[in-house]
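Report on the structure
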Amino acid sequence: MKARIRTILAGLATLAALAVATPAEAATAAPLGTAANPFTVSATSGCGSSCDGKDPSVYAIYYNGRITTCSADAITARVNTNGINLELRYSAICRTAWTRVPNDFYYPYIRSYYPDGRLRVEYNGFEGAYYSQMVNDANLLAEARASAGPTTWWTDKY
């Protein structure tokens, strides 16, 4: 009986030592910009450069007590209808812009410019999607672009 008690106590001691020696795995946080971990947006600043390169239709933000996406409040800020229906989309909540085209014949991309006209960044569209990634538009300018073969269309900057 004593041997059995010693075996049980030794096993419990081993378990206790392992519990102390092995730190508990921290819960891994969901990626930022998902519904489980939305990016918090203020009315005055939007996403800023943290929204650069993100998908406006799925990038989750927490704004004014609710979780939404940047595309939820989007408007068409500029349009080019000269042979194409090219749209420069804008989200006032996120303060971001992106390009949208009518179908996958056109290759959408977005350009972001500093106020002095210098190119800041350019993002290409998503494969199979009719829109591009987002760019920060807070105190900056954006221009929607699309190409098909040798032809390129663009909108006015916004």
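Residues numbered from 1 in each chain as written. Predicted model: local features only at pLDDT ≥ 70, side-chain atom pairs only at ≥ 80, totals over all residues. Heavy atoms only, no water.

Thoughts on the sheet that holds strand S1 (residues 39-40)
Which entries qualify depends on this criterion: Should DSSP find at least two bridges between two strands, the strands are regarded as paired. Working definition: helices are DSSP H or I runs of at least four residues, strands are E runs of at least two. Numbering for both runs from the N terminus.
The strand order across the open sheet built from three strands is S1-S2-S3, with neighbouring strands paired in mixed fashion. Each end of this open sheet is capped by a strand with a single partner; those strands are S1 and strand S3 (66-69). Across four bridges, strand S2 (residues 60-63) lies against S3 in antiparallel orientation. Across the sheet, the residue bridging to Tyr62 is Ile67, located in S3.

Looking at the state of the cysteines
Threshold: The disulfide criterion used throughout: a pair of cysteine sulfur atoms within 2.5 Å. Three labels apply to residues, based on accessible area from a 1.4 Å probe with only protein chains included: buried if under 20% of the type maximum, exposed if over 50%, partly exposed otherwise in between.
Considering all chains together, one arrives at two disulfides under this definition. One disulfide in the model links Cys47 with Cys51; its S-S distance is 2.1 Å. On the accessibility criterion, Cys47 (6% relative accessible area) is buried. Classification of Cys51 by relative accessible area gives buried; the value is 0%. A sulfur-sulfur distance of 2.1 Å marks the disulfide that ties Cys70 to Cys94. Residues Cys70 and Cys94 share a disulfide whose torsion about the S-S bond is about -85°; that sign makes it left-handed. Within this pair, whereas Cys70 is found in the loop between S3 and strand S4 (75-80), its partner Cys94 is found in the loop between strand S5 (86-91) and strand S6 (96-100), the two being separated by 24 residues in sequence. The burial state of Cys70 is the same as that of Cys94; both residues are buried.

Re the pattern of salt bridges
Basically, it comes down to this: Salt bridge, as used here: a side-chain nitrogen of Lys or Arg that lies within 4 Å of a carboxyl oxygen of Asp or Glu.
Scanning the model with the defined rule gives five salt bridges in all. For the salt bridge of Glu143 with Arg145, the shortest nitrogen-to-oxygen distance reads 2.8 Å. No difference in accessibility class separates Glu143 from Arg145, as the two residues are buried.

Overview of unusual backbone geometry
Positive phi, normally seen in glycine, also occurs at Asn64, with a value near 55°. Mapped onto the elements, Asn64 comes out in the loop between S2 and S3. The backbone of Asn139 sits at a positive phi, close to 60°, despite the residue not being glycine. Its location among the elements puts Asn139 in the loop between strand S9 (135-136) and strand S10 (141-148).

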